[in-house]
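Chain by chain, the residues run as shown.
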Amino acid sequence: MKIDLRSDTLTKPSKGMLEAMMQAKVGDDVYKEDETVNKLEERVAKLFGKPHALFFPSGTMANQAAIKLHTNPGDQVICDKYAHIFNYEGGGASFNSGVSCKLLDGERGMFTAKQVEAAINPPDFYHSPLTTLVAVENTTNKGGGACWDLEELKRIKKVCETNNLGYHLDGARLWNAMVEKNETAKQYGEIFNTISVCFSKGLGCPVGSVLVGDKKLMEKSIRIRKIFGGGMRQVGFLAAAGLYALDNNINLLKEDHKKAKEIALVLNKVNYVDKVEKVETNIVIFTLNNRFSDDVFLETLKTKNVFISNMGQGKLRIVTHLDYNLKMHESLLNILLNL
Ligand SMILES: *Cc1c(COP(=O)(O)O)cnc(C)c1O
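Residues numbered from 1 in each chain as written. Predicted model: local features only at pLDDT ≥ 70, side-chain atom pairs only at ≥ 80, totals over all residues. Heavy atoms only, no water.

Trainee: Can you lay out the overall build of the chain for me, pointing to particular residues and giving the numbers?
Mentor: Scanning the chain from N- to C-terminus turns up 15 helices and 13 strands. For 339 residues, the compact-globule estimate of 2.2 N^0.38 gives 20 Å, and the C-alpha radius of gyration of the chain, at 20 Å, lies within 12% of that figure. Along the three orthogonal principal directions, the C-alpha set of the chain runs to about 60 × 55 × 35 Å. Burial analysis of the chain (339 residues in total) assigns 57% to the buried set. Only carbon and sulfur atoms are counted for the fraction: they give 51% of the accessible area of the chain, which is about 15,200 Å². One way to put it: in the chain the 44 positive side-chain charges average out to a point 1 Å from where the 40 negative ones average out. (Helix = DSSP H or I, 4+ residues; strand = E, 2+ residues; numbered from the N terminus. Rg over C-alpha atoms; globule rule 2.2 N^0.38 Å. Buried < 20%, exposed > 50% of the residue type's maximum accessible area, 1.4 Å probe, protein only. Areas by Shrake-Rupley, 256 points an atom, 1.4 Å probe, with all protein chains shown as cover. Lys, Arg positive; Asp, Glu negative; His and termini not counted. Charge placed at Lys NZ, Arg CZ, Asp CG, Glu CD.)

Trainee: Tell me about the site of the ligand, and name the residues and values.
Mentor: Taken together, 13 residues surround the ligand, and among them Gly59, Thr60, Asn141, Asp170 and Lys201 come closest. In this structure, Asn141 approaches the ligand through a side-chain N or O atom, which is 2.9 Å from an oxygen atom. Between Arg173 and the ligand, the recorded distance is 3.0 Å, taken from a side-chain N or O atom to an oxygen atom. Protein chains bury 85% of the 380 Å² of accessible surface belonging to the ligand in isolation. At 3 residues, the largest contribution of residues to the shell around the ligand is made by helix 3 (residues 59-70). The residue makeup of the shell around the ligand, split by class, is 2 nonpolar, 6 polar and 5 charged. (Near = heavy atom within 4 Å. Polar contact = N/O pair within 3.5 Å; in protein donor to acceptor, adjacent residues only side chain to side chain. Nonpolar A, V, L, I, M, F, W, Y, C, P; charged D, E, K, R; others polar.)

Trainee: Help me get a handle on the nonpolar core, residues and values and all.
Mentor: Residues Phe48, Val134, Tyr188 and Phe199 are the most contacted members of the largest nonpolar core, which totals 55 residues. The biggest single contributor to this core is helix 12 (residues 236-248), with 6 residues. Filtering out sequence-adjacent residues up to four positions away, Phe48 remains in contact with Leu174, Trp175, Ala185, Lys186, Tyr188, Gly189, Ile195, Val197 and Val212. In terms of nonpolar packing, the next biggest core, distinct from the first, is built from 29 residues, Leu5, Val276, Phe286 and Met328 among them. (Core = buried A, V, L, I, M, F, W, Y, C linked by side-chain atoms within 4.5 Å. Contact = heavy atoms within 4.5 Å.)

Trainee: Break down the sheet that holds strand 13 (residues 315-319) for me, with residues and values.
Mentor: Strand order across the open sheet formed by 4 strands is 9-10-13-12, with antiparallel pairing between neighbours. The open sheet is flanked by strand 9 (273-276) and strand 12 (309-312), the only strands paired with a single partner. Each neighbouring strand pair of the sheet contributes to a mean axis angle of 35°, computed without reference to strand direction. Examined bridge by bridge, strand 10 (residues 283-288) and strand 13 share 4 bridges and lie antiparallel to one another. (Pairing = 2+ DSSP bridges. Axes fitted to C-alpha atoms, helices over the stretch in contact; angles between N-to-C directions.)

Trainee: I'd like to hear about the pairing of strand 12, residue by residue, with values.
Mentor: Strand direction decides the pairing type here: strand 12 and strand 13, joined by 3 bridges, are antiparallel. Residue Gly312 lies in a different strand from strand 13, and its bridge partner there is Lys315.

Trainee: Let's hear about the UniProt feature "domain: Aromatic amino acid beta-eliminating lyase/threonine aldolase" (unreviewed entry) in the chain: which residues, and what values?
Mentor: UniProt tags residues 4-288 as "domain: Aromatic amino acid beta-eliminating lyase/threonine aldolase" (unreviewed entry). Segment residues 4-288 splits into 42% helix and 17% strand. End C-alpha atoms: 20 Å apart. (UniProt positions renumbered as here; feature names shortened; annotations may be inferred.)

Trainee: Describe the environment of Tyr31, naming the residues involved and giving the relevant values.
Mentor: The topology assignment puts Tyr31 in the loop between helix 1 (15-22) and helix 2 (35-48). Note on Tyr31: relative accessible area 58%, which makes it exposed. With 80 residues separating them along the chain, Tyr31 and Phe111 place their C-alpha atoms 41 Å apart.

Trainee: Which residues make up the side chain of Asn141, and what are the values?
Mentor: Tracing the backbone shows Asn141 in the loop between strand 5 (131-137) and helix 7 (150-162). Excluding anything up to four places from it in sequence, Asn141 contacts His84, Arg173, Ile283, Ile285, Met311 and Arg317.

Trainee: Before we move on, could you go through the packing of helix 1 against helix 12 and cite the residues and values that matter?
Mentor: Helix 12 packs onto helix 1 with a crossing angle of 135° between their chain directions and a minimal axis gap of 8 Å. As far as their axial angle goes, helix 12 and helix 1 are oblique. Pair helix 1 / helix 12 crosses with right-handed handedness. Mapping the contact onto sequence places Gly16, Met17, Ala20 and Met21 in helix 1 and Phe237, Leu238, Ala240, Ala241, Tyr244 and Ala245 in helix 12. Looking at the contact of helix 1 with helix 12 residue by residue, the classes come out as 9 nonpolar, 1 polar and no charged. (Parallel < 35°, antiparallel > 145°, perpendicular 65-115°, else oblique. Left-handed = near helix turned anticlockwise from the far one by under 90°.)

Trainee: Lay out the domain arrangement of the chain in plain terms, naming residues and giving numbers.
Mentor: Each assigned domain of the chain is listed with its residue range as follows: domain 1 (3-8 + 252-337) and domain 2 (13-248). Summarising the inter-unit geometry, the C-alpha centres of domain 1 and domain 2 are found 28 Å apart. Opposite the 18 residues of domain 1 that make contact, domain 2 presents 23 residues. Summing the contributions of domain 1 and of domain 2, the shared interface buries around 1,700 Å²; its carbon and sulfur component is 46%. The largest share of the area that domain 1 buries against domain 2 comes from Asp8, Leu253 and Glu280, three residues that together contribute 33% of it. (Domains from an automatic or database assignment. Buried area = accessible area lost by both parts, 1.4 Å probe.)

Trainee: Describe the UniProt feature "modified residue: N6-(pyridoxal phosphate)lysine" (unreviewed entry) in the chain, and please don't skip the residues or the numbers.
Mentor: Using the residue numbers shown here, the UniProt feature "modified residue: N6-(pyridoxal phosphate)lysine" (unreviewed entry) corresponds to Lys201. Summarising the element assignment, Lys201 is placed in the loop between strand 7 (194-198) and strand 8 (209-213). Once you skip the residues sitting within four places of it in the chain, Lys201 turns out to touch Asp8, Thr9, Thr11, Ala172 and Arg173.

Below you can see the structure in the form of structure tokens.
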């Protein structure tokens, strides 16, 4: 039995999801004639209380399109030093939009309104780049699946409004945060100008993200998506997976969180772990003491058919997901306890 916990993107579509995909009514989505894509976009827009939503082939492209919509070349984006848009999108912010990132030194990927305020370049000081966008991530990926405090997000919104800055949420794992904290999509829709959400992580779809946002901002989104090469044709087969996931898989995220917390409990007990970061959702980040080197530890797990990620700087990562079942979970806990 292979136990693959490197990422929640590794899930394969379930039987029910595949059946829903096979029954999708499709059309050419570049002509906006794919009724299943239209349905998914309408549904996600409504869920967040936003007027406009657009389907994207990846979360990266949805984020990159958002950055493009909010900025002009030369501008500066404020984000955390752990941000996915800065660390894991191939340098796309500078490549696609010609912007730089001002990195904040946050806590598990989260920062404060005060930090944002201090990072804004004065708009009349033409020597420094013009600050035009604040981007946050919920849950934080490199921050270990941490969930933001809604009140802090609202305080940052005020700072953005006062300073005329766009406000984007990279919500690749926003579903996890909402389930864990009993929050609604509407609450997030009220705070942000644009939000990207991912269907190919915890929700178990093979492909797909949606960008939702305010009307004026989103007017150009379909053009930007085309420029980035993300205009797809009979893509309703993939949107059908998204609709299926909204109906069936959101509540299942709680199981992923429960399992991640149980893994953390075990890691806190064993003698080879130095520190386990606080676990709120489906990501467990931990460091080893000198009983194992990271490489030897990962190799040892591999011999037991267990796969986890090395994030560098001594940090190891376990991500629970839809295809990680109870049997695997029991087996993993045993393996970890007996290394
Ligand atoms: C996975 C992820 C994305 C999008 O990644 P894709 O692989 O392009 O779908 C964006 N932001 C965060 C925080 C992520 O974890």
